[in-house]
Amino acid sequence: MTNDELLEFIDLILQNLADLTNDYMNWGIKGYDPLLAALSAQVQDLEAKLTFLKSFIPFAKMRGTADIPALLLAHFEVVALTAARLSYMWSFWKNVEYRSTCSFKLLSIRAVDFHVYEIYKEVLAASNSSASLHTAVMDERILNNFNDSLIGRLWELLCCSSSFVDSMKDEMQILYAGLRFFRSILREHHEMMDEQNEKIGALLGEAGSIIFAPTLSRVIEGEVSFSGSTQVLGFCDMLANTNIHIKHFKDQISGSRTIESLPNSSHSLRAPEVSQTSSRMLSKGKMPIDHEVMVGLDDEAEKVIEPLIKHFEDQLSVSSTIQSLPNSSHSLRAPEVSQTSSRMLSKGKMPIDHEVMVGLDDDAAKVIERLVSGSKQVEIVPIVGMAGLGKTTLAKKVYNDNSIIYNFHIRLWCTVSQEYNKKSLLTQILCSDGKHSRMDKFQNLDEDDLLEKLYQRLLKNRYLVVFDDVWDIEVWNGLRTAFPNDKNGSRIIFTSRSSNVASEVQYGGEPHYLHPLSEKKSFELLQKKVFGEEEECPQALHGLGMEIAEKCWGLPLALVVVAGVLATIEHDILVWEKFAESLTSTMVSGTDQWKKTLELSYEHLPYHLKACLLYFAAFREDEKIGAKKLMRLWIAEGFVEKIEGKRSEVIAEEYLMDLIGRNLVMVSKSRSIGGVKTCYIHDLIFEFCKGEAKEKKFLQVLRGYDELSTFNEPPNLPRLSICSSKEDFIQSRLFCPHLASLLLFDATPGYKNFKLLNISFIFCIYKHLNVLNLEGINLRLKELPAEVESLLCLRYLALTALEMEFIPPSIAKLSHLETFCLYSNRMVSLPDSIWNMKKLRHVFLWAGVVIGLSSNDNVVENLSTLPNLDTLSRLRLYKEGENLLRRIPNVRRLKIIDHQTGVLNMSRLECLESLTWLGNYSSRSRVHVELSFPMNLKKLCLHNLGLPCSKMSLVEQLPNLEVLKLRWPLSRDGGQRWELMEGGFPKLRVLTLEEVQVVEWTEADPNSGEYFPCLQQLKLHKIFNLKMMPACLGSTSTLETINVSSCGDGVKSLVREIKAAQEDNYGDGNLKIIYGKY
């Protein structure tokens, strides 16, 4: 074969291998097959060898070898032919004999073998004096391809476990860093490209001689001992010399131009110094208002708060006594305190679950008018304005308005942002109505299928769909076929910063432009954010407040950020005067100035809040982050101070509330009894955090192949967040052995297209991890590899492995592990060694967990316990259920799946505050079983237990119960009448009844007022047979809302009667009835 013919042949083999892999992946798509992992590993190995040959031939030609020497070319032909045979044999992979033959043949293939190695070296050492006929750009591509193949092979070597590699690992890592350095500068175009490429080519030739040395391969494979081999000694010398040459080249490059690098430890996160009073203490100033008071406020209104304070501090010449942080920011950890903390925490109230909006009424009325009246044709209503004017807030206000809820059959919402994925966006729209909460239901549908599904969902319905934060008209062009025009008054809302987007859209009406606030409204917003809704600004500060508001140019975002600063300083005339002087209008008058403002505000944050805020950059832009998950990560990272007698979760929640109070973090969803369920930061703050985290060497965020492939790891990088496709991640060959935290996300959220069949390299490379978060990708594993035991420092482990069933006993070697999350569709078995993990605090398994018990634990005195376990979900209880519960004495949050054990005594769990009990009731009633609940319960969810109504009094007597959710819990065996006991539910605030088979729900004494003294929300879902509801609901003064979803007409009539009774007792407007929202 000629060179070109060989290259064409190799291309065909690579294409066959790609097709083979896709076929087998599709074959195993619905389940896990261990053979698939083995096949995938072998295919990847062969692909790497062929890719090297494919890159070597053009590289040799560029370096001056016009024709590959005959012996070397013949060897390459043999390799290619053997690879072709292998690709054919792999088609019969299910045959056991073929599998063993394939494995043997693969081992026999070496890209460069002993008999051609010297020729190979001569080709690599060839001078470029013959002058390449390629252009500089072509040379760059050739160099890149060859360099990539060298990086891939060197990465594999570094992942090997052998004494030789261990002895040479430092030098090999230096070579690896040098090759990645070449990868980054080869992407830069400059005047000296030809000269630079020639030098890089020579250095790559040296590296290629080392990396594909057959001696190295044989030593690693165990064929040759490295201790007494002169060839091995020669290899070591070559490696050291090549590293010296690369260092000289890097020094020359650095001397002629600036290579981007991260700051030194002098830029570490440090707390400001104060002399007497700490800037973290909100001693005399008011606490930040923790709920959102909106005056035309976009979700962007949360980004600038901290830079202002630092600038303000400088103006006041305030010094600080706050303890400085360690020099390297990755060691940023909260100090351990023996008894009391010297740090004062914000004591802001929990955010309320609704937004108080002022100033958007006129805009909302105009938009609503356009939505509910006018043409019957489908119409798009664009809301346009600059960042921070309140576009998203206005859209939310309109979307949740009662007249809109009643007018449209379907309401859907999606957030687009600058970077979007069409499939992900369609799924987001389909899931936004709450009826399809899990995105994986749409995983196997392609874009066309999703478009059709959305079209059928909307067809013949009057719909409202909101596209929030649209940057490009192509978003709409790619989706518009899914939106039928049934001439029934359907509407679509766009929010955008661009008037061009609004003008180009089909069906588009005139944009609704948002304008800056008036001086009066600006001050009104500032006042409400600083002092709350019930209190006004003191008259002495009124003028200064007006002056400060005027400098914010009517931008709600700027006003809210500035208010966050004012809420943390003393409410004194002199202090406010100094702040007003320090606040220049240019600081908040344009997008380019936001970073400066954020920098000032950020520097004012206490050190512990700096770390917590920057950590948001580890997630996707616009991601709604679970608050509890976020706080567990903060704890695992060491951001949360340890205070004796106080749970870390409580302190972490105070941190979160502090950031919310400072208007830097926003609440997406609130919990039914207070607290934050999900939260997020605005995209402007996100960009700031990402840049600041990189500059401070706190966290590196990598998105896509360009960033992954050119990333040069700085020394001692602590945290890395990666969002990419599987292919980009594998090709990047990252090697960051000192990493403490790794978070990995699929570039297409919700679909788990990022499927890994092998994660052994993670356990081999990243042995110093404290945090490993892989829940954003899908591991195609049935059992967690035993190599997990190598991560001895691990505190937080989160995985998504939909087919995983087994956890190895070696997991108990992770003695520091505090959080273990596994999202699997299978029931998972934990080994009995789990009882030795005394630091374990949170265990989550989506489909349920069975925990093993050792045979010698039948006697109570011998029981091993998990004394620190705080959360366990979802524990499957069988006959040993009572024994298991004795082992988790201090659990606070528990979800169990009860397989009719008959063990219903929960009273021994004295710390338990939240219990979800999933039963397996079919026809058997538990009328004769004695129930017992712990008295500290605050939240109780009972699903499918088959309890008789007569047993509900046991629940009603719980003195601290605040939330109760009943779903299929009641048996007909005890009748269909539920009679409330007098004085029951003394603290209940939220009651949800779902598919409850009760006909008469009444109270024992209708004339008594001792029912539901604290009830605020009643939720009724899929209830059809109810004929009677308690009359006391009509006189419950605390009742705020009744949600009615998918219920019969009779139930709706009963709710209207309650509404009428409430109006008679308390006047109109006290109770809100919400239909169709659950």
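Our subject is the structure that appears above.
The structure presented is a predicted model; accordingly, all values stated were derived computationally and were not measured.

Draft legend 1. The overall build of the protein, seen in detail. Check the secondary structure of the protein and you find 33 helices and 35 strands. Burial status across the protein gives 55% buried among its 1078 residues. The contacts of the protein with a sequence gap of at least 6 include a subset with a gap of at least 24, amounting to 70%.

Draft legend 2. Just the packing of aromatic side chains, in detail. Counted under the stated rule, the structure contains 33 aromatic pairs. With a centroid separation of 6.2 Å and 65 degrees between ring planes, the pair formed by Phe52 and Tyr120 is classed as edge-to-face. With a gap of 68 residues between them, Phe52 in helix α2 (residues 34-62) and Tyr120 in helix α5 (residues 114-124) connect regions that are remote in the sequence. On the accessibility criterion, Phe52 (0% relative accessible area) is buried. Residue classification places Tyr120 among the buried positions, given a relative accessible area of 0%.

Draft legend 3. Representation of helix α25 (residues 627-637) within the structure. Within α25, 10 of the 11 residues are buried, which leaves it mostly tucked inside the rest of the structure. Among the residues of α25, those classed as buried are Ala627, Lys629, Leu630, Met631, Arg632, Leu633, Trp634, Ile635, Ala636 and Glu637. Following α25 by one or two positions, Gly638 adopts a phi angle in the positive range, close to 85 degrees.

Draft legend 4. Region of the structure containing the pattern of salt bridges. Using the criterion set out here, one finds 33 salt bridges in the structure. Of the charged contacts, one joins Lys49 and Asp45 as a salt bridge, the two residues approaching to 3.9 Å between their closest N and O atoms. Here Lys49 and its partner Asp45 are both found in helix α2, 4 residues apart, which amounts to about one turn of the helix. The class of Asp45 is partly exposed, set by a relative accessible area of 27%. Here Lys1059 ties to Glu1063 by a salt bridge, and the two come within 3.7 Å at their closest N and O atoms. Placement of both Lys1059 and Glu1063 in helix α33 (residues 1049-1066) is noted, with a separation of 4 residues, approximately one turn of the helix. Judged by its relative accessible area of 31%, Glu1063 is partly exposed. Among the charged side chains, a salt-bridge network with shared partners connects Arg647, Glu649, Arg841, Asp870, Arg892 and Glu913.

Draft legend 5. Up close: unusual backbone geometry. Backbone torsion omega between Ser873 and Arg874 reads -5 degrees, so that peptide bond is classified as cis. By the secondary structure assignment, Arg874 is in strand β23 (residues 871-877). Look at Lys460: it is not a glycine, yet its phi comes out positive at around 65 degrees. Located in the positive-phi region is Phe985, a residue other than glycine, with phi close to 50 degrees. Tracing the backbone shows Phe985 in the loop between β30 (977-980) and β31 (990-994). When its relative accessible area of 2% is taken as the criterion, Phe985 is described as buried.

About the thresholds
Residues numbered from 1 in each chain as written. Predicted model: local features only at pLDDT ≥ 70, side-chain atom pairs only at ≥ 80, totals over all residues. Heavy atoms only, no water. Helix = DSSP H or I, 4+ residues; strand = E, 2+ residues; numbered from the N terminus. Buried < 20%, exposed > 50% of the residue type's maximum accessible area, 1.4 Å probe, protein only. Contact = heavy atoms within 4.5 Å. Phe/Tyr/Trp six-rings, centres within 6.5 Å; stacked < 30°, edge-to-face > 60°. Salt bridge = Lys/Arg side-chain N within 4 Å of Asp/Glu carboxyl O.

By themselves, these are just geometric observations and shouldn't be taken as functional.
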